[in-house]
Amino acid sequence: METVYATGAIPSQEEAVRLYDSVGWSAYTRDPELLVDALVASLSVVTARVDDELVGLARVVGDGLTIVYLQDILVAPSHQRLGIGRELLRQVFEPYSEVRQRVLLTDDEPGQRLFYEAMGFREVHDLAPRLNAFVHLDRSTE
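In this text the structure is predicted, and so the values were computed from the model without any measurement. (Residues numbered from 1 in each chain as written. Predicted model: local features only at pLDDT ≥ 70, side-chain atom pairs only at ≥ 80, totals over all residues. Heavy atoms only, no water.)

So, about the nonpolar core. If you look at the biggest cluster of nonpolar residues, it comprises 19 residues, and the most contacted ones within it are Val60, Leu70, Ile73, Leu88, Val92 and Phe93. Of all the elements in the fold, those that place two or more residues in this core are strand E2 (44-50), strand E3 (53-62), strand E4 (67-75) and helix H4 (84-93). Each residue touching isoleucine 73, except ones within four places of it in the same chain, is listed here: Trp25, Leu57, Ala58, Gly85, Leu88, Leu89, Phe115 and Tyr116. Counting 11 residues, the second-largest nonpolar core is a separate cluster that includes Tyr20, Val45, Leu54 and Leu57. (Core = buried A, V, L, I, M, F, W, Y, C linked by side-chain atoms within 4.5 Å. Buried < 20%, exposed > 50% of the residue type's maximum accessible area, 1.4 Å probe, protein only. Helix = DSSP H or I, 4+ residues; strand = E, 2+ residues; numbered from the N terminus. Contact = heavy atoms within 4.5 Å.)

Right, let's talk about the environment of serine 42 for a bit. Relative to the elements of secondary structure, serine 42 occurs in the loop between helix H3 (32-41) and E2. In this structure, the C-alpha to C-alpha distance between serine 42 and glutamine 13, residues 29 residues apart in sequence, is 15 Å. If sequence neighbours within four positions are ignored, serine 42 has contacts with Arg59, Val60 and Val61.

Let's shift gears to the side chain of arginine 49. The topology assignment puts arginine 49 in strand E2. Using a relative accessible area of 19% as the deciding quantity, one classes arginine 49 as buried. Looking at arginine 49, its side chain comes within polar contact range of the side chain of glutamate 15, at 2.6 Å. The residues contacting arginine 49, other than those within four sequence positions of it, are Glu2, Thr3, Val4, Pro11, Glu15, Leu54 and Val55. (Polar contact = N/O pair within 3.5 Å; in protein donor to acceptor, adjacent residues only side chain to side chain.)

Geometry of an aromatic ring pair is reported as the spacing of the ring centres plus the angle between the planes. For the structure on display, the rule yields 6 aromatic pairs. With 5.8 Å between their ring centres and 65 degrees between their planes, tyrosine 20 and tryptophan 25 make a pair best called edge-to-face. (Phe/Tyr/Trp six-rings, centres within 6.5 Å; stacked < 30°, edge-to-face > 60°.)

At a minimum axis distance of 10 Å, the contact between helix H1 (residues 13-22) and H3 shows a crossing angle of 100 degrees. Compared by their axis directions, H1 and H3 come out roughly perpendicular. Here H1 contributes Gln13, Ala16, Val17 and Tyr20 to the contact with H3, which in turn contributes Pro32, Glu33, Leu35, Val36 and Leu39. Classifying every residue of the contact of H1 with H3 by side-chain character gives 7 nonpolar, 1 polar and 1 charged. (Axes fitted to C-alpha atoms, helices over the stretch in contact; angles between N-to-C directions. Parallel < 35°, antiparallel > 145°, perpendicular 65-115°, else oblique. Nonpolar A, V, L, I, M, F, W, Y, C, P; charged D, E, K, R; others polar.)

Moving on: unusual backbone geometry. A positive phi angle, near 65 degrees, is found at aspartate 52, a position not held by glycine. The phi dihedral of arginine 81 is positive, around 70 degrees, even though this residue is not glycine. Relative to the helices and strands, arginine 81 is located in the loop between E4 and H4. Judged by relative accessible area, which is 85%, arginine 81 ranks as exposed.

All right, on to the sheet that holds E4 then. The 5 strands lie next to each other as E1-E2-E3-E4-E5, forming an open sheet whose pairing is mixed. What marks the edges here is a single partner per strand, and that holds for strand E1 (3-7) and strand E5 (101-104). Direction aside, the axes of adjacent strands within the sheet are offset by 20 degrees on average. Sheet topology places E2 next to E3; 7 bridges connect them, and they run antiparallel. The residue bridging arginine 49 from the neighbouring strand is leucine 54, located in E3. (Pairing = 2+ DSSP bridges.)

Structure representation (structure tokens):
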């Protein structure tokens, strides 16, 4: 069972919806065309496949020069805890190693916190100098 990674390979709408649904990200799958358009408009997309099945995806947005946002990273539940997420994160950020700000916004789940901290991320309140983070979510799209 070899995992094959590809950069720039946008999955089909059906594959994307299946993967996002598998991790419960239904806010993305309510409008499948918008999901695919968002993938296409991303700065970079890295996919993971096992036996030609899409099992993981990471995408970043930003200018690629001064800031890069990890917008999505997801691995199908059947393939979690196999190092796929770690490799997706490494590959999606690899072209942007000189970019000063690599940012993400995520849910407050202990497993996610442990993963991102293991990958070198820190919460803004833990940094010096002190930083603030702000977000405005449109709840009507949930």
